[in-house]
Amino acid sequence: MNFVDLTKFTLNATGERFCMLSNSDNTGDYTADLGEDGKFFVPAWSVTFLQNCSKEVYNTAKINTQTSVMVTKHSEEDAYGNEVKPAKFSWMWAPEPIQDTLKGNGRFEAAQLLDQKEASGDVSDYLWYMTSVDTRNISLKNMTLRVSTNGHGLHAYVNGKLIGSQFSRQAKGQQMVTGDDYSFGFDKAVSLKKGLNVISLLSVTVGLANYGAFYDLKPTGLINGGVLLNGKGNNSINATTYQWSYKVGLNGEAQQFHDPNSRNANWNSTKVPKNRPMTWYKTSFKTPSGEEPVVLDLLGMGKGHAWVNGKSIGRYWPTQIAETTGCDAHCNYKGSYNDGKCRTNCGNPSQRWYHVPRSFLNNNTDNTLILFEEVGGAPWNVTLQVVTVGTVCANAYEGNNLELYCQGDRRISEIQFASFGDPQGTCGSFSLGNYQATQSVAVVEKLCAGRPSCLIDVSQSTFGISSWGNVTSRLAVQAVCK
C-alpha cells in the first residue's frame, strides 16, 4: 500500500535485524504480511517497532495507559460522604492607596515616555506615568484623551477619576493579539477643567517575552507612543514630551498588604464592594481534610494576584475568555498536526482553578487568603475545592491487558461506556463503531464494578466471541470512580 512503509536495519556482523512499519494513512488500519516473519496489525497513523523483524515490541497507537479526567468538588462532605456546599467566605477589604499618584506625585522624573521594563527593573507589573496639562488657553469642549502604548494594559485617570481601562487588542473579553505585537491605542472622552489637569496613567504588563530575536529589546509601556488631548479644530495638546513623573509598583505591594502579619492595610468588614477596581480582599479558611490537591475557584474575579498565608499562588485573569469556536469534541491524534487541532476549553477562561500547595497550608490554625483585584470582581463567588479523579478511560488492542484503577479509597461505581470491537472517539466522547461484542458492558461491569481496580484480558474469548476472522479489535472503557 502507498501508506505503509517498511524500514529494515541489519547488523552485518551478527545478522541481527530490526524493522519499523509505518502507516501514514490517517483513517485506515493495515495488516502487514512479512512472510515468514509474520503478520502485523498497524493502526492508522502509527509506527510499529519489530525486534528481529518478527516480534512487535511497541506501537505508537497501542499505548494502554489510563486517562484520568480530574474533577473539582467542594471540600466538605457529610457523614455519608456526600458533597456539601460550604458557607461562603466572610470577606474584608481595603482600597489600594493611590491618592499620591492621582495627584501626580512620583519618585523620579523624565521629559519623555520611558520603557516600562527598564524603568521598573522588573520589580513590579505596574508603572505609573503622571503629568500635568494646562488648559487655560484652549476650549474644553469635546476633548478626547488618546494614548498610544506598547501594552499590555492601561488604566487612565484624569483629575483623580478613572476614565477607562483597556488591554491589548481586546474585544468582547477575547485576546486579539497577532504574534508578539501588543500595542494598542486608548481613546476616551474626557472632562477637563480650566487650569492644571493631572493625568495619571497606570501601565500594566502581563508577562514579558523570553524568546525570539532581540526579545529583550521589545518595548513595553508608553515608550515610542504618545499622549494627546484632542478637541475640535486646533484645540489639541501633545503631552508626549512633557515632564513626566514616575512611580514603580503599587503602594499595597510596597507595604506588603499580601502579608497576613502586615499592619499597613486598614481592613474593613463593612460594605464589602463588588466590581471595584484597585481593591484588596482578605478572608480566612480551614485546611480541607485528606490528601487531595486543593484549589481556589476564582471565577467571578476580574484580574489580579492571589496569596495564601503570604505565599503567592499566581496571577489570575478569569475574565480573559478563550475563543468560542474551534474546539473539536471528537479529537483524534490521527493525521498531521496543526495549531487548531484538538483544541479544548473554547469560550472559557484560560484558567479558573488555582492550585494551593498543601505545604502552604496550616494544619492547626486558619489560613489567610488575600486577593489584589485590579479591574473589579465579586469575591463572594470564590470557593475552596479539592481535585479528584471523576472519570477514568482506557483503551487496549486485542492481545493486551486493559487496567482501570481509582485513587485512594474510591471504587469503580459505574461503567459509562464499554465496547469491544472498533469503538470511535476519545475519553468523554466515545461512540460505537461498525461492530462490537454485544456483551461488552456486562463483561466489564462483572470484572470491574465495585472494585478499586481491575485488569481485563482483551481477547475475543473474554467477550464470548468465537471468531471474527482476520481483524484486530479494540476495547474502550469509560468508568466513574466514587
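This structure is a prediction, so every number in the text was calculated from the model and none was measured.

### Observations concerning the overall build of the protein chain
- If you tally the helices and strands in the protein chain, you get 4 helices and 33 strands.
- By the compact-globule yardstick of 23 Å for 482 residues, the protein chain is too spread out, its C-alpha radius of gyration being 31 Å.
- Along the first, second and third principal axes, the C-alpha set of the protein chain runs to 95 × 60 × 45 Å.
- Within the protein chain, residue pairs in contact and separated by at least 24 positions form 72% of the contacts whose partners lie at least 6 positions apart.
- Accessible surface computed for the protein chain: about 25,400 Å², of which carbon and sulfur atoms make up 47%.

### Overview of the packing of aromatic side chains
- For the coordinates displayed, the defined rule picks out 18 aromatic pairs.
- Between Tyr435 and Trp468, the aromatic rings sit 5.0 Å apart at their centres with planes inclined by 80°, giving edge-to-face as the arrangement. With Tyr435 in the loop between strand S31 (412–421) and helix H4 (440–448) and Trp468 in the loop between strand S32 (453–457) and strand S33 (474–481), this residue pair connects regions lying 33 residues apart in the sequence.
- Of the residues examined, Tyr435 reaches a relative accessible area of 27% and is grouped as partly exposed.
- Judged by relative accessible area, which is 25%, Trp468 ranks as partly exposed.
- Here the aromatic residues Tyr126, Phe257, Trp280, Trp307 and Phe372 are joined through ring pairs into a cluster of three or more.
- The ring of Tyr211 is capped by Lys218, whose NZ or CZ atom sits 5.9 Å from the centre of that ring.
- Looking at Lys311, its charged tip hangs above the ring of Phe360, at a distance of 5.8 Å from the centre.

### A closer look at a nonpolar patch on the surface
- A surface patch of nonpolar side chains, amounting to about 450 Å² of accessible area, comprises Phe9, Phe18, Val57, Tyr58 and Ile63.
- Within the element layout of this structure, Phe9 appears in strand S1 (residues 4–11).
- For Phe9, a relative accessible area of 44% puts it in the partly exposed group.

### Structural notes on H4
- Residues Ser440, Val443, Val444 and Cys448 constitute the buried set of H4. Buried residues of H4 fall within an arc of 110° about the axis and therefore sit on the same side.
- Looking at the buried residues of H4, the elements they touch are strand S30 (401–405), S31, S32 and S33.

### Some remarks on the sheet that holds strand S15 (residues 161–167)
- Spatially, the 6 strands line up as an open sheet ordered S11-S22-S12-S19-S14-S15, and their pairing is antiparallel. Only two strands of the sheet have a single neighbouring strand rather than two, namely strand S11 (108–110) and S15. Across this sheet, the average inter-strand angle for adjacent strands is 25°, counted without regard to direction.
- When strand S12 (residues 126–134) meets strand S22 (residues 244–248), the two strands line up antiparallel, connected through 4 bridges.

### Focus on the layout of surface pockets
- Each pocket or cavity is described by its volume, and for the largest pocket that value is around 890 Å³.
- Considering each element in turn, the lining of the largest pocket owes the most residues, 5 residues, to strand S29 (residues 383–397).
- Of the residues assigned to the lining of the largest pocket, the class counts are 14 nonpolar, 17 polar and 5 charged.

### Details of the sheet that holds strand S21 (residues 236–238)
- Pairing within the open sheet is antiparallel, and its 4 strands lie in the order S18-S13-S20-S21. The open sheet is flanked by strand S18 (184–189) and S21, the only strands paired with a single partner. Here the average twist between neighbouring strands, direction ignored, is 15°.
- Looking at chain direction, strand S20 (residues 226–230) and S21 are connected through 3 bridges and run antiparallel. Across the sheet, residue Leu229 finds its bridge partner in S21, namely Ile237.

### Quick word on the pattern of salt bridges
- Inspection of the entire model under this criterion finds 11 salt bridges.
- Between Arg146 and Asp187 there is a salt bridge, and its shortest N-O distance comes to 2.4 Å. In this pair, Arg146 is assigned in strand S13 (residues 144–149) and Asp187 in strand S18, connecting sequence segments 41 residues apart.
- The class for Asp187 is partly exposed, based on a relative accessible area of 39%.
- The salt bridge partner of Arg352 is Asp297, with a shortest N-O separation of 2.9 Å. Residue Arg352 is located in the loop between strand S26 (311–316) and strand S27 (353–356), and its partner Asp297 is located in strand S24 (residues 294–297); the two are separated by 55 residues in the primary sequence.
- Among the residues examined, Arg352 registers a relative accessible area of 28% and is labelled partly exposed.
- The class for Asp297 is buried, based on a relative accessible area of 4%.

### Some remarks on the nonpolar core
- Core analysis: the largest hydrophobic core is formed by 26 residues, its most contacted members being Leu145, Leu201, Val227 and Leu229.
- Residues Ala394, Ile456, Val477 and Ala479 belong to the second largest nonpolar core, which totals 24 residues.

### What about the pairing of strand S4 (residues 39–42)?
- Examined bridge by bridge, strand S3 (residues 30–33) and S4 share 4 bridges and lie antiparallel to one another. From the neighbouring strand, Thr31 faces S4, where its bridge partner is Phe41.
- Hairpin connection, S3 to S4: the antiparallel pair is bridged by 5 residues, and Gly35 has positive phi, about 65°.

Cut-off values and rules
- Residues numbered from 1 in each chain as written.
- Predicted model: local features only at pLDDT ≥ 70, side-chain atom pairs only at ≥ 80, totals over all residues.
- Heavy atoms only, no water.
- Helix = DSSP H or I, 4+ residues; strand = E, 2+ residues; numbered from the N terminus.
- Rg over C-alpha atoms; globule rule 2.2 N^0.38 Å.
- Contact = heavy atoms within 4.5 Å.
- Areas by Shrake-Rupley, 256 points an atom, 1.4 Å probe, with all protein chains shown as cover.
- Phe/Tyr/Trp six-rings, centres within 6.5 Å; stacked < 30°, edge-to-face > 60°.
- Buried < 20%, exposed > 50% of the residue type's maximum accessible area, 1.4 Å probe, protein only.
- Lys NZ or Arg CZ within 6 Å of the ring centre and 35° of its normal.
- Patch = residues over 30% accessible without salt bridge, like charges linked within 9 Å, V, L, I, M, F, W, Y side chains within 5 Å.
- Salt bridge = Lys/Arg side-chain N within 4 Å of Asp/Glu carboxyl O.
- Arc of directions from axis to C-beta.
- Pairing = 2+ DSSP bridges.
- Axes fitted to C-alpha atoms, helices over the stretch in contact; angles between N-to-C directions.
- 1 Å grid on protein atoms, 1.4 Å probe; cavity = no way out; pocket = protein on both sides within 12 Å on 5 of 7 lines; lining within 4 Å.
- Points joined across faces, edges and corners; volume = space filled by probe spheres on them.
- Nonpolar A, V, L, I, M, F, W, Y, C, P; charged D, E, K, R; others polar.
- Core = buried A, V, L, I, M, F, W, Y, C linked by side-chain atoms within 4.5 Å.

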